[in-house]
Amino acid sequence: AAAGGGGASSKQTQSSSGSSLGSWVQVGAQSQGHGGESGRSGHIVLALDASGSMRCTDVYPGEAASMDRLQAGFLSAVSFVNEHTKLHPHDVFSVLTFSDRVDRVCRARSAGEAIKAMEKVYIRGARGTKFKPALEEAARCLLSTTRQRDGHIVWLSDGKPSDIKSALATFQEYFVQSPKLVGTKFHGIGIGLSVDSFVALQQYVCITGGTFLLSGSNLRSLSKAFSSVSSTITAIRDDASQEASRPSSLGSWVSINEDGGGGANGGAKASAAGDDPATLKSSRQAREVVYEHPELVQSFTAKGGGTLTLSVQRSTFAFDGQVFQRQDFEQREVQRRRRPFMRGGMRLVYGFKDGEAAKNGWLVAKLSRFRDPHCNTVIIAEGHAKSTAVATHYANLFNEKTRKLRDSGKDARAHALSAQLIFVPCYIYRTIESSSKNVQVKANSNEDAEAFAAERYLPGVFLKYNSNNGFVNDNGLLHQSVVQAFLHFSFVESRGNLLVADLQGVAREGEVLLTDPQVLTASASACDAATFGPGDVGLRGMHNCLASHRCGMACKLLGLKPISALLLKRMKMAAAAEAAIVPADADTAGAGAASAHSVSSARSATPAGWDRVQPLSQSASDEQQAGWERLSEYNLTDLAGSEVHSEISASSWVHLLDT
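Bear in mind the structure is a predicted one, so any value in this text is a computation, not a measurement. (Residues numbered from 1 in each chain as written. Predicted model: local features only at pLDDT ≥ 70, side-chain atom pairs only at ≥ 80, totals over all residues. Heavy atoms only, no water.)

Q: So, the sheet that holds strand 23 (residues 511–514): which residues are in play, and what are the values?
A: Sheet architecture is open: 4 strands sit in the order 16-23-22-20, paired in mixed fashion. Looking along the sheet, the strands with just one partner apiece sit at the ends: strand 16 (420–423) and strand 20 (462–464). Pairs of neighbouring strands in the sheet enclose a mean axial angle of 35°, with direction left out of account. Sheet topology places strand 22 (residues 504–507) next to strand 23; 3 bridges connect them, and they run antiparallel. Pairing of G505 across the sheet is with L514, part of strand 23. (Pairing = 2+ DSSP bridges. Helix = DSSP H or I, 4+ residues; strand = E, 2+ residues; numbered from the N terminus. Axes fitted to C-alpha atoms, helices over the stretch in contact; angles between N-to-C directions.)

Following this line, the structure appears as structure tokens:
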């Protein structure tokens, strides 16, 4: 699954320090927001495959005769430019075509000029397919403008390039390592029916946080794919603008280590990022990694030194609605690739092999993107497994309820609930010893960690339905209504104590295989944050998810009522109050060691002038229940959330190859 959520993935996190979640001290006041970012324009590079295979005449525009892929691609690209500029009139466009060489149609032109240039060009489709020349030209186009613009590359292709290895090296050189182009988003559109042909393109998309769509051989689907890319670009830009313009009223915060030093390297390091200490980047050191091609991740031979052998202790969790039960397995040796092949918002993804956990298949291991010891503890890793355990519990309840509705035959529309939601089990591995060619690897090195999570590999198209902080993918994904209803269901079924978000996975005809969920809790105290990891952004995340949720047919069939405006208002008010308090001595060192732990812990700190009222228990009287019904439909208290939104992407990609 996508590391750290996906994604576009992307989970907004709370900070941590040492073995706990850290200590934060306000060092100054900041009364004005960042501003100035909302007016930024973009530079869109359209890279269109013009190889010989694009001459295949198998795209159907409707009832008319079929057209070749190249013609369909150009028609859709022209329509994309025309429609996109209506929303973003100041964006500029570069257009290039590629086969085993590259030809530039135009560079950094207005929409009108780009469309005229595309209408004049004649390309018949010939030669093979190489990505490297097109990647180099796309980089030159983006670097050609003197004004700083948000870079997006929209890549249309119908198959795998012949230069996968050299193209990946070029991609990393320009779009991972180059300071001027870091942040450029790749968006891929594949013409075809098999995801196997687009492994390289999906990897670019995942690492940069863009979106990938498989259009099939239909002009309408192809046009819709381009439209979805435009929507994704708009969502990413709007999210960045909101974050940049968000006023900061709580001043700057610095991280204080237990020894009194500030930051990871000693010395106080202040952040002017606002009221969320998670935005403090100076205290985290990113791992310096080189990505490998996904086709290598199943290779676990000692030849070439690409594999680490680890001695580990494996654990997993089950949840019964009240407490967690932990299961430990015998110590054993496992194998993991040295280099990651994907990246999420907070984690790197590696090929991984454990013959006991997956006898008939392979897994992916997920390590923090950061080297700091406090980002690689057992507690942080266990948060992922506990989120999966809670999600599995509520999915079982959800599936049982949808099954009864279908079997009852009372509503013919119940067939819309046919998809079963299945969460892939998550395991925690505690590293005991690491070795490769008799070289000891330290736990805080660039390669290893004290603990990491692992899950079964999922083949197929990987879709992100929503995030942990308000993003909802509205691009008509398979089983969209059912998956979005599950977020709503978990909130109601838990009586407002939590909800399960960041839903992503592989959708099939009768099921959705979901991975890497994030539990958000209404009582996100230090203890709860340790329970579900730094991705539990608590009440503000719950508010944002519920505010973005729109009830569909599945919600209606399940009897889930729309979230009331009054409830959202109360959550927003409580969010502002909660943000005013940052615990100074959160002690969570032992939270992950317990074999059983309740999810409904109370907050240890209450903002001055506010009363903290816990959600009603199941044993509350009818009179009490009725009183709370007048405030909201779900017997909730002054829950909270904020207007802060995390960076999002419309799709996260990790599991790419069929077994």
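What follows picks up the thread again.
Q: Go over the sheet that holds strand 6 (residues 185–190) with me, naming the residues and quoting the values.
A: A sheet is described by the order of its strands in space; here 6 strands give the open sequence 4-3-2-5-6-7, paired in mixed fashion. Each having just a single partner strand, strand 4 (102–109) and strand 7 (211–214) make up the two edges of the open sheet. Each strand of the sheet is rotated relative to its neighbour by a mean of 10°, with strand direction disregarded. Here strand 3 (residues 92–98) runs beside strand 4; their pairing, made up of 5 bridges, is antiparallel. Residue F98 lies in a different strand from strand 4, and its bridge partner there is V102. Contacts from helix 2 (residues 111–120) reach strand 2 (42–49), strand 3 and strand 4, with the element oriented near 155° to strand 4. (Contact = heavy atoms within 4.5 Å.)

Q: Describe the nonpolar core, with residues and values.
A: A general trend in soluble globular proteins is that nonpolar side chains are found buried together. Counting residues in hydrophobic clusters, the biggest one holds 56 residues, and the most contacted among them are F486, L499 and L503. When near neighbours in sequence (up to four residues on either side) are disregarded, L499 contacts L487, S490, F491, Q518, V519, L520, M542, C545 and L546. Counting residues in hydrophobic clusters, the runner-up holds 45 residues, among them W155, I207, L308 and F352. (Core = buried A, V, L, I, M, F, W, Y, C linked by side-chain atoms within 4.5 Å. Buried < 20%, exposed > 50% of the residue type's maximum accessible area, 1.4 Å probe, protein only.)

Q: Outline the pattern of salt bridges, supporting the account with residue identities and numerical values.
A: Under the criterion given, the structure shown has 22 salt bridges. The closest approach of N and O atoms between E137 and R104, which form a salt bridge, is 3.2 Å. Placement of the pair is E137 in helix 3 (residues 132–143) and R104 in strand 4, with a sequence separation of 33 residues. Assessed through its relative accessible area of 6%, E137 is described here as buried. The salt bridge partner of D328 is R326, with a shortest N-O separation of 2.9 Å. (Salt bridge = Lys/Arg side-chain N within 4 Å of Asp/Glu carboxyl O.)

Q: Residue-level account of the packing of helix 4 (residues 164–175) against helix 5 (residues 199–208), with values.
A: At a closest axis distance of 11 Å, the pairing of helix 4 and helix 5 adopts a crossing angle of 20°. Between helix 4 and helix 5, the angle is such that the two are roughly parallel. Seen along the crossing, helix 4 lies across helix 5 with a hand that is right-handed. Of the residues in helix 5, those in contact with A167, L168 and F171 of helix 4 are Q203, Y204, I207 and T208. Considered class by class, the residues forming the contact of helix 4 with helix 5 number 5 nonpolar, 2 polar and no charged. (Parallel < 35°, antiparallel > 145°, perpendicular 65-115°, else oblique. Left-handed = near helix turned anticlockwise from the far one by under 90°. Nonpolar A, V, L, I, M, F, W, Y, C, P; charged D, E, K, R; others polar.)

Q: I'd love a proper account of the packing of aromatic side chains, names of residues and values included.
A: Across all of its chains, the model carries 23 aromatic pairs by this definition. Relative to F186, the ring of W155 lies with its centre 6.1 Å away and its plane at 35°, an arrangement referred to as tilted. Pair noted here: W155 is in strand 5 (residues 150–157) and F186 is in strand 6, with a separation of 31 residues, a long-range link. By relative accessible area, which is 0% here, W155 ends up buried. Relative to F486, the ring of F423 lies with its centre 5.7 Å away and its plane at 45°, an arrangement referred to as tilted. In this pair, F423 is assigned in strand 16 and F486 in helix 8 (residues 480–493), connecting sequence segments 63 residues apart. Residue class for F423 comes out buried when judged on its relative accessible area of 6%. Taking the relative accessible area as the measure of exposure, F486 reaches 0% and is therefore buried. Among the aromatic residues, those joined into a ring-pair cluster are F98, F131, W155, F171, Y174, F175, F186 and Y204. Across the ring face of F452, the terminal group of R336 is positioned such that the distance to the ring centre comes to 5.8 Å. In this structure, K386 packs its charged tip against the face of F317, placed 5.1 Å from the ring centre. (Phe/Tyr/Trp six-rings, centres within 6.5 Å; stacked < 30°, edge-to-face > 60°. Lys NZ or Arg CZ within 6 Å of the ring centre and 35° of its normal.)

Q: Now, about the pairing of strand 24 (residues 518–521): what can you tell me, with residues and values included?
A: The alternating pattern of strand 24 places Q518 and L520 on one face and V519 and T521 on the opposite face, and all of these are buried. Sheet analysis places strand 21 (residues 498–501) next to strand 24, joined by 4 bridges and oriented antiparallel. Across the sheet, L499 pairs through a bridge with L520, a residue of strand 24.

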